[in-house]
Amino acid sequence: MTANTVGAQKRRNKPVLPDLAATVVKHGLLMIRALWLAVRGGRDVPADGKAIHYSGQLRPMMWVFFVLGPLEIALVELAVPWPPLRLVLVVFGVLSALWFLALIATLYKYPHSVDPRRLRLRYCSFFDLRVPVTDIETVSISRRGRSMRRSAEVVDGVLILEVSRATNVSVTLHREHQVDLGLRGRKTAHQVDFWADDPARAVQLIRARIT
């Protein structure tokens, strides 16, 4: 049995649960931090950096879902006659509402950003890629729709960060970069296509750092 075969077998036999638990804890802490930033009125953007927002299309829909939460709690109070079950459902409803509020906070507090050192691309608390600006070759407006199943995918060496099934900014790199896709492992990408609410401004800000 070769070393590569042994390594592959170890990766297949690696328990998923510890990785899953670590991922859940990580996202939970990031969401709590987003709520804290919301209370303080700050954003996770360097002092010498500029934010590039991507969630303008998502926010209204998320707020609608959040408002529906208290309505569900009220319906539980009216419809469930058994106090113990009602209490459990109300507590679950309140925790769900807090989780959803934290998720909304990540949309506001964790934007994309660019500073003199790096371009940082994010999606809520679920994805975070940092690319040194010295590794960026070109940046341009390029609207594409691929209808990916996940918010972050690597296809043929291109990292795709869609919002509403579309991207509108394309960044090519001088060299391939490792992309951490969480439980799906790592892949390499030489290009990044992402969504920006204002693509012209995003391209302007990135070009100012690479020229």
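Refer to the structure printed above.
Per chain, residue numbering runs from 1 following the sequence as it is written. In view of the model being predicted, local features appear only for residues whose pLDDT reaches at least 70, and side-chain atom pairs are presented and counted only at 80 or more, with totals across whole chains, interfaces and linings using the full set of residues. Side-chain metrics in this entry use all non-hydrogen atoms of the structure; hydrogen atoms and water are not considered.

S.K.: Requested: an account of the sheet that holds strand S8 (residues 167–180), with residues and values cited.
M.R.: With mixed pairing, the 5 strands of this open sheet are ordered in space as S5-S8-S9-S7-S6. Looking at strand neighbours, the two that pair on one side only are strand S5 (136–144) and strand S6 (152–155), the edges of this open sheet. Averaged over all pairs of adjacent strands, the angle between strand axes in this sheet comes to 35 degrees, irrespective of strand direction. Summarising the sheet, S8 and strand S9 (residues 186–194) pair through 8 bridges and their orientation is antiparallel. In the strand pairing of S9, Val169 is matched with Phe194. For two strands to be treated as a pair, DSSP must find no fewer than two bridges joining them. A helix here means a DSSP run of H or I that spans at least four residues, while a strand means a run of E at least two residues long, and both kinds are numbered starting from the N terminus. Every axis corresponds to a line fitted to the C-alpha atoms, with the helix fit spanning only the stretch in contact, and the corresponding angles, defined between N-to-C directions, vary from 0 to 180 degrees.

S.K.: Outline a positive patch on the surface, supporting the account with residue identities and numerical values.
M.R.: Patch definition: residues above 30% relative accessible area lacking any salt bridge, with like charges linked at up to 9 Å and the nonpolar side chains Val, Leu, Ile, Met, Phe, Trp and Tyr linked at up to 5 Å. For every accessible area listed, the method is Shrake-Rupley and the probe measures 1.4 Å; residues are considered covered only by the protein chains on display. When a carboxyl oxygen of Asp or Glu is within 4 Å of a side-chain nitrogen of Lys or Arg, the pair counts as a salt bridge. In this tally Asp and Glu are treated as negative and Lys and Arg as positive; neither His nor the chain ends contributes. The atoms used to mark charge sites are NZ of Lys, CZ of Arg, CG of Asp and CD of Glu. On the surface, a cluster of positive charge is made up of Arg43, Lys50, Arg201 and Arg209. Residue position: Lys50 is located in strand S1 (residues 50–52). Only protein chains enter the accessibility calculation, which uses a 1.4 Å probe. A residue is then buried if its area is under 20% of the maximum for its type, exposed if over 50%, and partly exposed in between. Residue Lys50 is classed as partly exposed on the basis of its relative accessible area, which comes to 42%.

S.K.: Which residues make up empty space enclosed by the protein, and what values do they have?
M.R.: Any empty space left between the atoms is revealed when a probe the size of a water molecule rolls over them. Method remark: on a 1 Å grid restricted to protein atoms, a set of points is classed as a cavity if a 1.4 Å probe fits but cannot get out and as a pocket if it is open with protein on both sides within 12 Å along at least five of seven lines; lining residues have an atom within 4 Å of a point. Grid points are joined across faces, edges and corners, and a volume is the space filled by probe spheres set on the points. Applying the stated rule across the entire model yields 1 cavity of 30 Å³ or more. If you add up the space inside the largest cavity, you get close to 40 Å³. Looking at the largest cavity, the residues that line it are Tyr54, His112, Arg122, Tyr123, Leu161, Glu162, Val163 and Trp195.

S.K.: Explain the packing of aromatic side chains to me, and be specific about the residues and the numbers.
M.R.: The rule is short: rings of Phe, Tyr and Trp, with Trp giving its six-membered ring, pair when the centres are within 6.5 Å, and they are stacked under 30 degrees, edge-to-face over 60, tilted in between. Scanning the entire structure with this criterion turns up 4 aromatic pairs. Here the aromatic cluster, defined as three or more aromatic residues joined through ring pairs, consists of Phe65, Trp99 and Phe100. A ring is scored as having a charge over it whenever the NZ atom of a lysine or the CZ atom of an arginine sits within 6 Å of its centre and within 35 degrees of its normal. Here the basic side chain of Arg59 rests over the ring of Tyr108, its NZ or CZ set 4.1 Å away from the ring centre.

S.K.: Can you lay out the sheet that holds strand S4 (residues 127–132) for me, pointing to particular residues and giving the numbers?
M.R.: Here 4 strands make up an open sheet; going across it, the order is S1-S2-S3-S4 and the pairing antiparallel. The outermost strands of the open sheet, each flanked by one partner alone, are S1 and S4. Averaged over all pairs of adjacent strands, the angle between their axes in this sheet comes to 15 degrees, without regard to strand direction. When strand S2 (residues 112–114) meets strand S3 (residues 118–123), the two strands line up antiparallel, connected through 2 bridges. Among the inter-strand pairings, Val114 is bridged to a residue of S3, identified as Leu119.

S.K.: Outline the layout of surface pockets, listing residues and values.
M.R.: In this structure, the largest pocket spans a volume of roughly 470 Å³. Forming the boundary of the largest pocket are 19 residues, of which His27, Phe126, Phe127, Leu181 and Gly182 lie nearest the centre. Put simply, Ala, Val, Leu, Ile, Met, Phe, Trp, Tyr, Cys and Pro go in the nonpolar bin, Asp, Glu, Lys and Arg in the charged bin, and everything else, Gly too, in the polar bin. Classifying every residue of the lining of the largest pocket by side-chain character gives 8 nonpolar, 5 polar and 6 charged.

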